[in-house]
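For reference, the chains in residue letters:
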Amino acid sequence: MLRVKIENSNPVTKKTEMLCGFVLENSDKILGLNKINSKISDSIRQSLRDNEGVFGRVTIVPTNNKTPAKRILLAGIGKKEKITNDTIRFVSGKIAQKASELKLKEFSIITPPSFLIEPISSASQITEGCKLTLNKFDNFKSKKGGPVPNLTILVSQSSKNSKDIKNSEIISEGVIFARNIANLPPNECTPTTLATFAKIIAKKNKMKCIIFSPNELKKKGFGGITAVGQGSKNEPKLIVLEYMGGKQNEKPIVLVGKAVTFDTGGISLKPGEKMDEMKFDKCGGCTVLGIMKALSELKLPTNVVGIIPSVENMPSGESYRPGDILKLYNGKTAEILNTDAEGRVILADALAYGEKQYSPKAIIDFATLTGACIIALGNNVAAIVSNNDKLKQKINESSKRTTEEVWELPLNNDYMDLIKSDVADMKNVGIGRAAGTITAAAFLRNAIEETPWIHIDIAGVAWTQAATKSKPYNPKGATGFGVRLILDYLKKI
Ligand code: BES
Ligand code: ZN
Ligand code: ZN
């Protein structure tokens, strides 16, 4: 894992294998770097012209031992007016890729001056961009990638930067943790494996961890989790993590994450094409684990409960079937018309449990819930559905800051009607393919009473897919979407 150090020193005298600075479009200077050795100023000028400050373009200038830095890297960040929250994160990722390609042991990045971007946020973005870019999932490769270079961030005033960078490191490591478990293959990651991960982070960071076994689930009335899980020899689990960083009797925020360790569709079997990707159907749960880990390391002063219903959805002689009627945790009944719409069934149990057990201030759920979400919004924006404007607004603000993008879909009573059943309180599919993401959310809405709730459908964004915008800090595989978003939200409340 990439380690980050912060230094308040003059970049001109910095001894490093690669000194990296940002360059605005068609600019003749490197931001934050003044008075470089005149013996190389000609070649820097030429390289600046070559680079043109084009967004994401990197140019290396050899220094031939004329400066303490072995090379200088120019990193284009485009037009000043077009700089967004993601610019420095993205371009820092490009720099990190170059450092790794050159097999460097270390490299240094100069933070741009504060008139462009707040120095705090740019140091944080550099940290996130570099760390998230250089984590490779090579657990199952015989030949591992080489060591990861270390990064020094050069700042003009150290002030509270070092705390910010430490926090950004924790956040990035939360994302990486979520990604690494989500990337595990389904033969190596069952509901029991996820429960073990939860126990490990709970022990390390002093959280309470409760795991419900199949018997307890049945006894306590978790009819949804029990039914979906019964077709697999890998037992279902309900994982609960309690972080109590706030006042003792302060109501918590409840986070719920779908963790289907493999979704074959069950008796309503999925077609074979791309079925392997359904190992990522646990991404919602992995996001919650990543958040809980980071949150407890950041020691945020809030109470947060993570709830992860985990099953493997398999076809077998014991599987639940289309036609079955289940009794969910809140007492409502659900007619199953498609066993592939399993996520909403297990989430309904978990949401109802979260509301009843904890009377939370708010409930946020993450799920790779519907293929329809990819049809509606593609692979770069998650869908949100909510019953509360304030909560929605806060999530939207965090989304802007973290560039984990969300877009709202409506949920009025007409949609609620689409999941009415002839024989039970509701059915687990809507009508044909109409508004598939919303009818799934309607099912979840029925699981809770009036608690402020937001549902985040991450089907399109949880891992890199066909139409995913390529970003250096989102390497192939699980993205850990939601970890940065919700940590930002939790930091702000
Ligand atoms: N896990 C899938 C949703 C999914 C599919 C996410 C592809 C990402 C990529 C979910 O359990 C599912 O299969 N949903 C069905 C619901 C349908 C049967 C009403 C779907 O979306 O097709
Ligand atoms: Zn499914
Ligand atoms: Zn699923």
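Anyway, here's the lowdown on the structure attached to this text. (Residues numbered from 1 in each chain as written. Chains lettered and ligands numbered in written order. Predicted model: local features only at pLDDT ≥ 70, side-chain atom pairs only at ≥ 80, totals over all residues. Heavy atoms only, no water.)

**Looking at the site of ligand 1**
- Surveying the vicinity of ligand 1 reveals 17 residues, the closest of which are Lys270, Asp281, Asp340, Glu342 and Gly371.
- Take lysine 258: an N or O atom from its side chain is 3.2 Å from an oxygen atom of ligand 1.
- Glutamate 342 has a polar side-chain atom sitting 2.8 Å from an oxygen atom of ligand 1.
- Expressed as a share of its isolated accessible area of 510 Å², the protein-covered part of ligand 1 is 78%. (Near = heavy atom within 4 Å. Polar contact = N/O pair within 3.5 Å; in protein donor to acceptor, adjacent residues only side chain to side chain. Areas by Shrake-Rupley, 256 points an atom, 1.4 Å probe, with all protein chains shown as cover.)

**Things to note about the nonpolar core**
- Ranked by size, the top nonpolar core spans 91 residues in total, and within it Phe22, Phe107, Met292, Ile364 and Ile486 carry the most contacts.
- Counting residues in each nonpolar core, the second largest holds 49 residues, with Leu217, Val228, Tyr329 and Ala350 among its members. (Core = buried A, V, L, I, M, F, W, Y, C linked by side-chain atoms within 4.5 Å. Buried < 20%, exposed > 50% of the residue type's maximum accessible area, 1.4 Å probe, protein only.)

**Focus on helix H1 (residues 38–51)**
- The terminal C-alpha atoms of H1, which comprises 14 residues, lie 20 Å apart, in line with the 20 Å expected from a rise of 1.5 Å per residue.
- Listed as buried for H1 are Ile40, Ser41, Ile44, Ser47, Leu48 and Asn51.
- Each element contacted by the buried residues of H1 is listed here: strand E2 (19–24), strand E3 (58–62) and strand E4 (71–78).
- Its side-chain oxygen placed 2.8 Å from the backbone nitrogen of lysine 39, asparagine 37 serves as the N-cap of H1. (Helix = DSSP H or I, 4+ residues; strand = E, 2+ residues; numbered from the N terminus. Expected span 1.5 Å × (residues − 1). Contact = heavy atoms within 4.5 Å.)

**Some details on the pairing of strand E18 (residues 453–457)**
- Of all five residues making up E18, five are buried, and the element is well covered by its neighbours.
- Neither face of E18 is open: one carries Trp453, His455 and Asp457, the other Ile454 and Ile456, and all of them are buried.
- As paired elements, strand E14 (residues 362–367) and E18 share five bridges and run parallel to each other. Bridged to alanine 367 within E18 is aspartate 457.
- Where strand E15 (residues 382–386) meets E18, four bridges bridge the pair, whose relative direction is antiparallel. Directly across from valine 385, in E18, lies its bridge partner histidine 455. (Pairing = 2+ DSSP bridges.)

**Considering the coordination of the zinc ion (ligand 3)**
- Coordination sphere of the zinc ion (ligand 3), protein contribution only: Lys258 (NZ), Asp263 (OD), Asp281 (OD) and Glu342 (OE), at 2.0 to 2.4 Å.
- Viewed at the metal, the six donor atoms of the zinc ion (ligand 3) are separated by angles of 77 to 174 degrees, and the geometry they form is octahedral.
- Written as a sequence motif, the donor residues of the zinc ion (ligand 3) are K-x4-D-x17-D-x60-E.
- In this structure, the zinc ion (ligand 3) lies 3.2 Å from the zinc ion (ligand 2), and both are coordinated by aspartate 263. On the criterion of sequence distance, the pair formed by aspartate 281 in the loop between strand E10 (259–263) and helix H8 (283–298) and glutamate 342 in the loop between strand E13 (333–335) and helix H9 (343–358) is long-range, its members being 61 residues apart. (Donors = N, O, S within 2.8 Å, 3.2 Å for Na, K, Ca; no water. Tetrahedral: all angles 85-135°; square planar, octahedral: opposite > 155°, others 65-115°.)

**Here's the deal with the sheet that holds strand E17 (residues 426–427)**
- With mixed pairing, the three strands of this open sheet are ordered in space as E12-E13-E17. In this open sheet, the two strands that pair with only one neighbour each are strand E12 (325–327) and E17.
- The sheet contact formed by E12 and E13 spans three bridges and is antiparallel. Each bridged residue has a counterpart across the sheet, and for isoleucine 325 the counterpart in E13 is glutamate 335.

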